[in-house]
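What follows is each chain in one-letter form.
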Amino acid sequence: MVKVKIPATTANMGPGFDTLGMALNLYNEIEITEDANVVNSEDNLVYKSMVKAFKACEYKYGNYKIEFTKCDVPMSRGLGSSATCIVGGIMAANAIMGNKLTEEAIINLATEMEGHPDNVVPAIVGGMAVSIYDGEKVVYSKVNVPDNLRFVVIIPDFEVSTSAARKVLPKDYSRNDCVFNVSRAAMLVTALNNGEIDKIRTAFQDKIHEPYRKTLIKNIDEVFLKAKELGSVGEFISGSGSTLIAVIHKDNEKFIIGMKKAFNELQIGWAIKELKTDLVGAKILIES
Ligand code: HSE
């Protein structure tokens, strides 16, 4: 039996479309046991990811009982639930095979399955990462996130599918929009690395995806405005949405209460949670 724990992740983080991502301290846990009586379905993303890893190592695999013993990462909300399945499946398969895959190989297989590296890389290595797929492999670099920041996840009561949210994006962008995003993404990384919290609001600005995806998230403007009034240092859409994230200073004790009051006034039953950066990434908890 193998048990694996995988963190939620937020991707894009404003200007870093398909590039920036960070692991959060919210987790799924998956227990996998070899069981000849089980009929596995190719529709199960965990199983599909296990098979991908087994085939990469030409390993003779069997049938597996796959159970989520903890399922705290909400589905289709932009918090990397599919990355937890992919990373969980590949890492569990790797443990079953006796760790034949390197971290680099795990990252490349997971990115191939997910289609972009920004969720799977931090889900595997923890922390915040800048990830690039260079056409052959993934190259990543870690960003230091000041430990006095908290990430408040605001989870709407509706889903947004990543494929639908990718379809609303334009195919091409103007040079001005590209410069706008390159400057903000670069500034976000340096501002976080240097602890320049006052620059984060400017650095979270984006012209690649948020202006288009805002249309899929009702009440986003009101919620972002309220977050700013309550002292948030910046806000962004988490991944492809629907979750929104407000970044606050750890001493901002009135933020959550104020936001809950605003949800009541707006008559929206959204969930809210204060999270921290997960620095560890996915972990095998039990291997027997
Ligand atoms: N970078 C991806 C997107 C993340 O925005 O479509 C999806 O989780």
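Our subject is the structure that appears above.
Being a predicted model, the structure only gives us computed values, none of them experimental.

## Side note on the nonpolar core
With 36 residues, the main nonpolar core has Ile32, Met50, Ile66, Val87 and Ile90 as its most contacted residues. Elements represented by at least two residues in this core include exactly strand S1 (2–12), strand S2 (16–34), helix H1 (45–56), strand S3 (64–71), helix H2 (81–96), helix H3 (103–114) and helix H4 (120–125). Counting residues per element, this core draws most heavily on H2, which supplies 9 residues. Those residues within four positions of isoleucine 66 in sequence are excluded, and the remaining contacts are Ile30, Glu31, Ile32, Asn40, Asn44, Val46, Tyr47 and Met50. One finds Met13, Val73, Ile197 and Val233 within the second-largest nonpolar core, a separate group that totals 27 residues.

## Description of the sheet that holds strand S7 (residues 234–237)
Two orientations exist for strands paired in a sheet by backbone hydrogen bonds: parallel and antiparallel. Across the sheet, 4 strands lie side by side as S7-S8-S6-S9; this open sheet has antiparallel pairing. Pairing within the sheet leaves two strands with one partner each, and these edge strands are S7 and strand S9 (271–275). Each neighbouring strand pair of the sheet contributes to a mean axis angle of 20°, computed without reference to strand direction. Summarising the sheet, strand S6 (residues 149–155) and strand S8 (residues 244–249) pair through 6 bridges and their orientation is antiparallel. Bridge assignment links valine 153 to a residue of S8, and that residue is isoleucine 245. The strands touched by helix H9 (residues 220–229) within the sheet are S6, S7 and S8, with S7 carrying the most contacts at an inclination of about 155°.

## A word on the state of the cysteines
Enumeration over the complete set of coordinates arrives at 0 disulfides. Lacking any disulfide linkage, cysteine 71 is separated from the closest cysteine sulfur, that of cysteine 85, by 7.8 Å. By relative accessible area, cysteine 71 is classed as partly exposed at 49%.

## Describing the site of the ligand
The immediate surroundings of the ligand are formed by Asn12, Phe17, Asp18, His116, Asp118, Asn119, Thr162, Arg166, Arg213, Gly239 and Ser240. At a separation of 2.5 Å, a nitrogen atom of the ligand approaches a polar side-chain atom of aspartate 18. In the model, an oxygen atom of the ligand is placed 3.1 Å from a nitrogen or oxygen of the asparagine 119 side chain. Considering the ligand on its own, with 260 Å² of exposed area, one finds that the protein chains cover 96% of that surface. Residue assignment for the shell around the ligand shows that the elements contributing at least two residues are S2 and helix H5 (162–167). Looking at side-chain class alone, the shell around the ligand contains 1 nonpolar, 6 polar and 4 charged residues.

## Some thoughts on a nonpolar patch on the surface
Residues Met1, Leu285 and Ile286 make up a contiguous nonpolar surface patch of roughly 210 Å² in combined accessible area. Its place among the elements puts isoleucine 286 in strand S10 (residues 283–287). Judged by its relative accessible area of 34%, isoleucine 286 falls in the partly exposed class.

## Describing unusual backbone geometry
A cis amide bond, omega 10°, links glycine 241 with the succeeding residue serine 242. Within the fold, serine 242 resides in the loop between S7 and S8. The backbone phi angle of glutamate 58 is positive, close to 50°, even though this residue is not glycine. Residue classification places glutamate 58 among the exposed residues on the basis of a relative accessible area of 76%.

Cut-offs and rules
- In this convention, every chain numbers its residues from 1, walking through the sequence in written order.
- Local features are withheld for residues below a pLDDT of 70 in this predicted model, meaning they are given only at 70 or higher, and side-chain atom pairs are given and counted only at 80 or more; totals for whole chains, interfaces and linings count all residues.
- Working from all heavy atoms in the structure, the side-chain values ignore hydrogens and water.
- Nine residue types can take part in a nonpolar core, namely buried Ala, Val, Leu, Ile, Met, Phe, Trp, Tyr and Cys, and a core is a set of them joined through side-chain atoms within 4.5 Å.
- For every residue, the accessible area (1.4 Å probe, protein chains only) is compared with the maximum for its type, and the residue is labelled buried under 20%, exposed over 50%, or partly exposed between those bounds.
- A helix here means a DSSP run of H or I that spans at least four residues, while a strand means a run of E at least two residues long, and both kinds are numbered starting from the N terminus.
- Contact criterion: two residues are considered in contact whenever any of their non-hydrogen atoms come within 4.5 Å of each other.
- For two strands to be treated as a pair, DSSP must find no fewer than two bridges joining them.
- Axis lines are fitted through C-alpha atoms, for helices just across the contact stretch, and the angle between N-to-C directions can take any value from 0 to 180 degrees.
- Note on terminology: pairs of cysteine sulfur atoms within 2.5 Å are recorded as disulfides.
- Proximity criterion: a residue is near a molecule or strand once any of its heavy atoms comes within 4 Å of it.
- Definition of a polar contact: a pair of N or O atoms within 3.5 Å, with one able to donate and the other able to accept a hydrogen when the atoms are protein atoms, and with sequence-neighbouring residues admitted only if both atoms are side-chain atoms.
- Only the protein chains shown count as cover for residues, and all accessible areas are computed by the Shrake-Rupley method using a 1.4 Å probe.
- Under this grouping Gly is polar, as are all residues other than the nonpolar Ala, Val, Leu, Ile, Met, Phe, Trp, Tyr, Cys and Pro and the charged Asp, Glu, Lys and Arg.
- Each patch is built from salt-bridge-free residues with over 30% relative accessible area, joining like charges within 9 Å and nonpolar side chains (Val, Leu, Ile, Met, Phe, Trp, Tyr) within 5 Å.
- The term salt bridge refers to a pairing of a side-chain nitrogen on Lys or Arg with a carboxyl oxygen on Asp or Glu at a separation within 4 Å.

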